[in-house]
Amino acid sequence: MMRVVQFRWTRSDNADIGEAFAVISPDGSRMDGRWCRPANCDARQGAAWAALRQSGSSGPPVVPPPPAPAPNSACSGLSQLVGTWSTSGFGDLTIENPSGCSVTGRYTASAGTIRGTASGNAISFQWIGNGEMGDGRIVLTGPGTLTGTWCRPAGCNLATGTGFTGTKK
């Protein structure tokens, strides 16, 4: 089961403060999330971050250096996200890229659709299915793997949403 943690952070010298959330992998080895500043900002709109637990460690995860951005590309990971995924939250999810960084898709659970925007290796989207709608976020976590969160109704707080995982078909 995916765990989502929402928290307020403070820099060690108390000179900065902000909001963040993390999606913790089922085995506790990885966290992916977003952060923003100042306090009371919307972390869903903030910068992405990730952390890995060191092998054999029971202490806090180690934050790896951020990946180098692709030159002139706001949605550099999108090509790896396009395709069909087997997910724990949406059934089979097919992600398409009609143009630029825009994303559309469809999923088998409740015969729904998604529409959103890619940024780096993540997609922020709105979903519609079974007469309901809400928000979601997908993060590419490795070759052929993703994690995400979804919530309802539209405008909900993704930090308290339901987590899911997926593997590329």
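Residues numbered from 1 in each chain as written. Predicted model: local features only at pLDDT ≥ 70, side-chain atom pairs only at ≥ 80, totals over all residues. Heavy atoms only, no water.

## Thoughts on the nonpolar core
One recurring pattern in soluble globular proteins is that nonpolar side chains are buried together.
Piece 1. If you look at the biggest cluster of nonpolar residues, it comprises 19 residues, and the most contacted ones within it are Phe90, Ile123 and Ile138.
Piece 2. Among the secondary structure elements, those contributing two or more residues to this core are α1 (78–81), β6 (91–96), β7 (102–107), β8 (112–119), β9 (122–129), β10 (132–142) and β11 (145–151).
Piece 3. Ranked by residue count, the leading element in this core is β9, at three residues.
Piece 4. For Ile123, the contacting residues outside a window of four places in its chain are Leu78, Leu81, Ile95, Val103, Thr117, Ala118, Gly136, Arg137 and Ile138.
Piece 5. Core analysis: the second largest hydrophobic core is formed by seven residues, Ala20, Ala22, Met31 and Trp49 among them. (Core = buried A, V, L, I, M, F, W, Y, C linked by side-chain atoms within 4.5 Å. Buried < 20%, exposed > 50% of the residue type's maximum accessible area, 1.4 Å probe, protein only. Helix = DSSP H or I, 4+ residues; strand = E, 2+ residues; numbered from the N terminus. Contact = heavy atoms within 4.5 Å.)

## Let's talk about the environment of Met31
Piece 1. Mapped onto the elements, Met31 comes out in strand β3 (residues 30–36).
Piece 2. Take Met31: its relative accessible area is 17%, and that puts it in the buried class.
Piece 3. With 20 residues separating them along the chain, Met31 and Ala51 place their C-alpha atoms 5.1 Å apart.

## Focus: the pairing of β6
Piece 1. Of the strand pairs in this sheet, strand β5 (residues 83–87) and β6 are connected by five bridges, and their pairing is antiparallel. Along β6, the bridge assignment pairs Thr84 with Thr94.
Piece 2. Taking the residues that link successive antiparallel strands as the turn, the β5-β6 hairpin has three residues.
Piece 3. In the sheet, β6 pairs with β7 via four bridges, with the strands oriented antiparallel. Residue pairing across strands places Thr94 opposite Arg106, the latter belonging to β7.
Piece 4. What sits between the antiparallel neighbours β6 and β7 is a turn of five residues, in which Gly100 has the positive phi angle 55°. (Pairing = 2+ DSSP bridges.)

## Topic: the pattern of salt bridges
Piece 1. Going through the model one piece at a time under the given rule, you end up with four salt bridges.
Piece 2. Of the charged contacts, one joins Glu19 and Arg8 as a salt bridge, the two residues approaching to 2.6 Å between their closest N and O atoms. Here Arg8 lies in strand β1 (residues 3–10) and Glu19 lies in strand β2 (residues 17–24), a separation of eleven residues in the sequence.
Piece 3. According to the relative accessible area criterion, Arg8 is partly exposed, its value standing at 45%.
Piece 4. Across the pair Arg106 and Glu96 runs a salt bridge whose closest N-O atoms are separated by 2.7 Å. Residue Arg106 is located in strand β7, and its partner Glu96 is located in strand β6; the two are separated by ten residues in the primary sequence. (Salt bridge = Lys/Arg side-chain N within 4 Å of Asp/Glu carboxyl O.)

## Thoughts on the pairing of β7
Piece 1. As paired strands, β7 and β8 are joined by six bridges and run antiparallel to one another. Bridge pairing in β8 places Arg106 opposite Thr113.
Piece 2. Counting the residues that bridge the hairpin from β7 to β8 gives four residues, and of these Ser110 lies at a positive phi of roughly 65°.

## Concerning the side chain of Arg137
Piece 1. Topologically, Arg137 is positioned in strand β10.
Piece 2. Look at Arg137 and you get buried, because its relative accessible area is 7%.
Piece 3. A distance of 3.2 Å separates a polar atom in the side chain of Arg137 from a polar atom in the side chain of Ser124. (Polar contact = N/O pair within 3.5 Å; in protein donor to acceptor, adjacent residues only side chain to side chain.)

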